[in-house]
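Coordinate inspection notes
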There are 4 protein chains.
Amino acid sequence: MSIKEMIQDHPHVGDDYNSELGEAVKHAMYAAAIINSCADACLAEENAGERAECIRRCLDASDACTAFYRMGSRRTGQNVIAIRAMGLATIVACEQCHALCSMHDDRHCKRCTQMCEEVIRDVKAALGRMKTED
Amino acid sequence: MSIKEMIQDHPHVGDDYNSELGEAVKHAMYAAAIINSCADACLAEENAGERAECIRRCLDASDACTAFYRMGSRRTGQNVIAIRAMGLATIVACEQCHALCSMHDDRHCKRCTQMCEEVIRDVKAALGRMKTED
Amino acid sequence: MSIKEMIQDHPHVGDDYNSELGEAVKHAMYAAAIINSCADACLAEENAGERAECIRRCLDASDACTAFYRMGSRRTGQNVIAIRAMGLATIVACEQCHALCSMHDDRHCKRCTQMCEEVIRDVKAALGRMKTED
Amino acid sequence: MSIKEMIQDHPHVGDDYNSELGEAVKHAMYAAAIINSCADACLAEENAGERAECIRRCLDASDACTAFYRMGSRRTGQNVIAIRAMGLATIVACEQCHALCSMHDDRHCKRCTQMCEEVIRDVKAALGRMKTED
């Protein structure tokens, strides 16, 4: 099942799909889950106490990704400036998470780091496309 | 990127992965997004007013799937009886959504209906596996 | 501003308000925030590593409370059996959180423990009222 | 029970509480619930179809408030620039919701409109305080 195909079935979409936003929504959906899972995995590491700020930033980034993918997947009417502002917040939250998580060598932190990079890249691309649409 | 692989990287998991729960978490993650998107698409249909209860049940099912995938993806310590109870709530919420959404012929409702079926099947399988583990 | 008064303004409510459910929704809304805050406060304690399972159960309970208050505050059409099932899951998640959090003497854990007790009590009362309504 | 008192019990807070952020978090917590409830109430109005875009913007604003209050209530380490960016997104999402919801005379829309105003005012005050802290 694909959230991108789902969005294309929306009655207001038609030819005006914005594939960059679809890609960003898909990756933010994955990131909401994967970054949240990384927070939980860091919590189970022996040095969890030293990772407290990293865990906190993971939880923040997961919350931002959740809000972004939910807002970005809606197509009824429009709310472009709110999606843009949430996209910017999501980029910042993922950058902050990435700054700490990328310092760890665990496999879960490596996945989380990569996930943050993908969200940052894709949300930037989606916002770029949205700017030119005005 | 895969939430199932992410869970397997958790320090407490090792050989004790529970692949059924991993599958249920993955589909609940998709469902949280896709059923939420169906609510938004129904809202944009010309007969949105007649779909009010269907939209409401979609929102409820999306909320349940969100809670289940988040709880089910955590592996620090254990919280089996809470995951089970949330799994049961998720099955009921998806059945209630399915009962109304399956009455519509739109492509987004067909996807939503299928998504509900997959979550119900997979969460049941995960709960079955969890019962035999005690 | 009051979520209970808000629910009473819903066009489908009228005389049929169910004050017990309103009370349970209000406390679950508080609990979603307060238990989540306790997880964050435990993470900042010096012995955070020893609290890993407590933190996890706090996060689970917060997620359950979030889903319950959102579903329980909707009044369009009806979805009683889904609210009931989510109420049961919320009780279990809060009991599991309470079992570990009540072992700590910090002020934030004491608040979290009390919050869990209030949600458990109020959701049980709401479910009791819902059963007699059928 | 008070989310503001809860935050003050966090081990990293002490004298450095930031009461403006505490107030913004409290109102965003209420708004997450109340704006979500307004979406549900609009859905139950006879002219729900005409309110589709308003409902969508309510759901967006509720999602933003949820992310903001969760991030803003965490005090482990710091993540100021992410909270700021999320605060800005929350202001925009509430302004967009307010622009449409304030056109309706229903009591639930009046409450939602007032709630948006309070969040916008309080988040702006919190961001103002955070800027002078650097």
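Note that the coordinates shown come from a computational prediction; the quantities given were computed from them, not determined experimentally.

Let's shift gears to the overall build of chain A. Tallying secondary structure elements over chain A gives 5 helices and 0 strands in all. Starting at the N terminus, the α and β elements of chain A follow one another as α-α-α-α-α. Whereas a compact globule of 134 residues would reach a radius of gyration of roughly 14 Å, chain A reaches 16 Å, a difference of no more than 12%. Considering only C-alpha atoms, chain A reaches an extent of 50 × 30 × 20 Å along its principal axes. The buried share of chain A, reckoned over its 134 residues, is 68%. Pairs at least 24 residues apart make up 73% of the contacts formed inside chain A by residues separated by at least 6 positions. For chain A, the accessible area works out to roughly 4,500 Å², and carbon and sulfur atoms hold 46% of it. Of the side chains in chain A, 16 bear a positive and 21 a negative charge, and the two mean positions are spaced by 2 Å.

The next subject is the packing of helix α3 (residues 52-73) of chain C against helix α2 (residues 19-43) of chain D. For the pair α3 of chain C and α2 of chain D, the least separation of the axes is 9 Å and the interaxial angle reads 35 degrees. The handedness of the crossing between α3 of chain C and α2 of chain D comes out as right-handed. Seen from α3 of chain C, the contacting residues are Y69, R70 and S73 of chain C; seen from α2 of chain D, they are A32, A33, N36, S37 and D40 of chain D. Residue composition of the contact of α3 of chain C with α2 of chain D, grouped by class: 3 nonpolar, 3 polar and 2 charged.

Looking now at the relation of the copies chain D and chain B. Related by rotation about an axis and a shift along that axis, the two copies of the chain form a pair. Mapping chain D onto chain B calls for a rotation angle of 180 degrees and an axial translation of 0.0 Å; the resulting RMSD is 0.0 Å. With respect to symmetry, the two chain copies, as superposed, fit the operation of a two-fold axis. Judged by C-alpha distance, G49 of chain D is the residue of chain D that lies nearest the rotation axis, at 2.7 Å. The overlap is high: 100% of the interface residues of chain D also sit at the interface in chain B, so the same surface is used on both sides.

Moving on to the nonpolar core. Among the nonpolar cores identified, the biggest contains 213 residues, and I35 of chain A, I35 of chain B, I35 of chain C together with I35 of chain D are the most heavily contacted of them. Look past the residues within four positions of I35 of chain A in its chain and what remains in contact with it is C58, A61, S62, C65, C94, C97, C112 and C116 of chain A.

Okay, the interface of chain B and chain A next. With 36 residues of chain B at the interface, the matching set in chain A holds 36 residues. Each partner contributes to the roughly 3,400 Å² buried at the junction of chain B and chain A, and carbon and sulfur atoms together form 58% of this total. Of all residues in chain B, the largest losses of buried area upon contact with chain A belong to M1, M6 and R111 of chain B, amounting jointly to 23% of the total for that side. Applying the counting criterion to the chain B and chain A interface returns 6 salt bridges.

The final tally for this structure, using the stated rule, is 2 aromatic pairs over all chains. Here the aromatic rings of Y30 of chain A and Y30 of chain B are separated by 6.2 Å at their centres, their planes lie at 70 degrees, and the arrangement is edge-to-face. Of the two residues, Y30 of chain A sits in helix α2 (residues 19-43) while Y30 of chain B sits in helix α2 (residues 19-43), which places them in two different chains. Under the relative-accessibility criterion, Y30 of chain A is labelled buried at 14%.

Turning our attention to the side chain of R74 of chain A. Looking at the element boundaries, R74 of chain A is found in the loop between α3 (52-73) and α4 (80-101). Here D60 of chain D takes part through its side chain, which lies 2.5 Å from a polar atom of the side chain of R74 of chain A. Sequence-distant contacts of R74 of chain A, defined by excluding residues within four places in its chain, comprise N36 and D40 of chain B together with R56, L59, D60 and D63 of chain D.

All right, on to the relation of the copies chain B and chain A then. The transformation that overlays chain B on chain A combines an axial shift of 0.0 Å with a rotation of 180 degrees, and the residual RMSD is 0.0 Å. Taken as a fraction of all interface residues of chain B, those also at the interface in chain A reach 100%, which identifies the copy contact as same-surface.

Time to look at the pattern of salt bridges. Where side chains of opposite charge bring their charged atoms close, a pairing between them can arise. The full count for this structure, using the stated rule, is 56 salt bridges over all chains. Between E23 of chain C and K4 of chain C there is a salt bridge; the shortest N-O distance is 2.4 Å. Here E23 of chain C is found in helix α2 (residues 19-43), whereas its partner K4 of chain C is found in helix α1 (residues 3-8), with 19 residues between them in sequence. For E23 of chain C, a relative accessible area of 24% gives the class partly exposed. The salt bridge partner of E53 of chain C is R57 of chain C, with a shortest N-O separation of 3.2 Å. With E53 of chain C and R57 of chain C both in helix α3, this residue pair falls 4 residues apart, about one helical turn. Residue R57 of chain C is classed as buried on the basis of its relative accessible area, which comes to 8%. One network of salt bridges, with partners in common, ties together R56, D60 and D63 of chain A together with R70 and R74 of chain D.

All names here are of chain C. Mapped onto the secondary structure, H104 falls in the loop between α4 (80-101) and α5 (107-133). A residue is classified by how much of its surface remains accessible, and H104, at 19% relative accessible area, is buried. Here H104 is in contact with R51, C54 and C109, once residues within four sequence places are set aside.

By a widely used convention, the size of an interface equals the accessible area lost when the partners come together. In this assembly, 8 residues from chain D lie in contact with 8 residues from chain B. Summing the contributions of chain D and of chain B, the shared interface buries around 640 Å²; its carbon and sulfur component is 71%. The largest per-residue losses of area from chain D upon contact with chain B belong to L43, A52 and L59 of chain D, which jointly make up 53% of the total buried on that side. Inspection of the chain D/chain B interface yields 0 salt bridges. Linking chain D with chain B are 0 residue pairs in polar contact (both at pLDDT 80 or more). Broken down by secondary-structure element, the contributors of at least two residues to the side of chain D that touches chain B are α2 and α3 (52-73) of chain D. The biggest single contributor to the side of chain D that touches chain B is α3 of chain D, with 4 residues.

Attention now moves to α2 of chain D. Since one α-helical turn is 3.6 residues long, residues separated by three or four positions face the same way. All names here are of chain D. For α2, with 25 residues, the first-to-last C-alpha span of 36 Å sits near the 36 Å given by 1.5 Å per residue. Along α2, the sharpest kink reaches roughly 25 degrees, centred on A31. The buried fraction of α2 is high, at 21 of 25 residues.

Thresholds, definitions, all that
- Residues numbered from 1 in each chain as written.
- Chains lettered and ligands numbered in written order.
- Predicted model: local features only at pLDDT ≥ 70, side-chain atom pairs only at ≥ 80, totals over all residues.
- Heavy atoms only, no water.
- Helix = DSSP H or I, 4+ residues; strand = E, 2+ residues; numbered from the N terminus.
- Rg over C-alpha atoms; globule rule 2.2 N^0.38 Å.
- Buried < 20%, exposed > 50% of the residue type's maximum accessible area, 1.4 Å probe, protein only.
- Contact = heavy atoms within 4.5 Å.
- Areas by Shrake-Rupley, 256 points an atom, 1.4 Å probe, with all protein chains shown as cover.
- Lys, Arg positive; Asp, Glu negative; His and termini not counted.
- Charge placed at Lys NZ, Arg CZ, Asp CG, Glu CD.
- Axes fitted to C-alpha atoms, helices over the stretch in contact; angles between N-to-C directions.
- Left-handed = near helix turned anticlockwise from the far one by under 90°.
- Nonpolar A, V, L, I, M, F, W, Y, C, P; charged D, E, K, R; others polar.
- Least-squares fit on C-alpha atoms with pLDDT ≥ 70 in both.
- Core = buried A, V, L, I, M, F, W, Y, C linked by side-chain atoms within 4.5 Å.
- Buried area = accessible area lost by both parts, 1.4 Å probe.
- Salt bridge = Lys/Arg side-chain N within 4 Å of Asp/Glu carboxyl O.
- Phe/Tyr/Trp six-rings, centres within 6.5 Å; stacked < 30°, edge-to-face > 60°.
- Polar contact = N/O pair within 3.5 Å; in protein donor to acceptor, adjacent residues only side chain to side chain.
- Expected span 1.5 Å × (residues − 1).
- Bend = angle between axes of the 7 residues up to and from the residue.

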